[in-house]
Amino acid sequence: MHDGRPSRSPIARLFPGLAQLAEGRDAAPGRDIAAGAAVAIVMIPSVLAYSELLGVAPELGLYAALGAMAGYALFASSRKCIVGPDTTVALLAASAIAPLAAGDPVRAAALAAALAMMSGALLAIAARFDVGAAADLLSKPVLVGY
């Protein structure tokens, strides 16, 4: 399906954030770097708290969040999307992981990593099959309902 945009190389489709940086479309990369640093600084306290909630070492939550942000910078190109740890996601993950971990922090870390990898794989599959079109269709009624 052709949407009027020029076709992009497979590398640019796989790494749109990196391709955007390489194309030099951003007139002020310093502002993007400053914004990213500000988001990272703001997210640190919440990441530490959410990792404690999950029953894993706080530094593991910090590493995971920083890795996720770096991955987002490579694999995404939205300038309007807000990324970072979310209370609802942390509570849902904790409710799934805590009973299975049975208080073992090593097992909790392994389960959290497995959950993150499965979620990422599911999102990648959804992106491949353009499930976002269905989300766009459903999002307006949901947002209007709020």
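Summary of the structure given here. (Residues numbered from 1 in each chain as written. Predicted model: local features only at pLDDT ≥ 70, side-chain atom pairs only at ≥ 80, totals over all residues. Heavy atoms only, no water.)

**Considerations on the environment of Leu 54**
So, step 1. Checked against the element boundaries, Leu 54 lands in helix H3 (residues 29-54).
So, step 2. Accessibility expressed as a relative area gives 18% for Leu 54, which makes it buried.
So, step 3. Separated by 54 residues in sequence, Leu 54 and Ala 108 have C-alpha atoms that sit 7.2 Å apart.
So, step 4. Ignoring sequence-local partners within four residues, the contact set of Leu 54 consists of Ala 90, Ala 93, Ala 94, Ile 97 and Ala 108. (Helix = DSSP H or I, 4+ residues; strand = E, 2+ residues; numbered from the N terminus. Buried < 20%, exposed > 50% of the residue type's maximum accessible area, 1.4 Å probe, protein only. Contact = heavy atoms within 4.5 Å.)

**A few points about the packing of H3 against helix H4 (residues 58-75)**
So, step 1. Packing of H3 against H4 leaves a shortest axis separation of 8 Å and a crossing angle of 140°. Considering how the two elements wind past one another, H3 and H4 form a crossing that is right-handed. Contacts between H3 and H4 involve Gly 36, Val 39, Ala 40, Met 43, Ile 44, Val 47, Leu 48, Ser 51 and Glu 52 from the first element and Pro 58, Gly 61, Leu 62, Ala 65, Leu 66 and Met 69 from the second. (Axes fitted to C-alpha atoms, helices over the stretch in contact; angles between N-to-C directions. Left-handed = near helix turned anticlockwise from the far one by under 90°.)

**Digging into the packing of helix H5 (residues 87-101) against helix H6 (residues 105-128)**
So, step 1. Relative to each other, H5 and H6 sit at 140°, their axes nearing to 9 Å. By the angle class used here, H5 and H6 are oblique. Handedness of the crossing formed by H5 with H6: right-handed. From H5, Ala 93, Ile 97, Leu 100 and Ala 101 reach across to H6, where they touch Arg 107, Ala 108, Leu 111, Ala 112 and Leu 115. (Parallel < 35°, antiparallel > 145°, perpendicular 65-115°, else oblique.)

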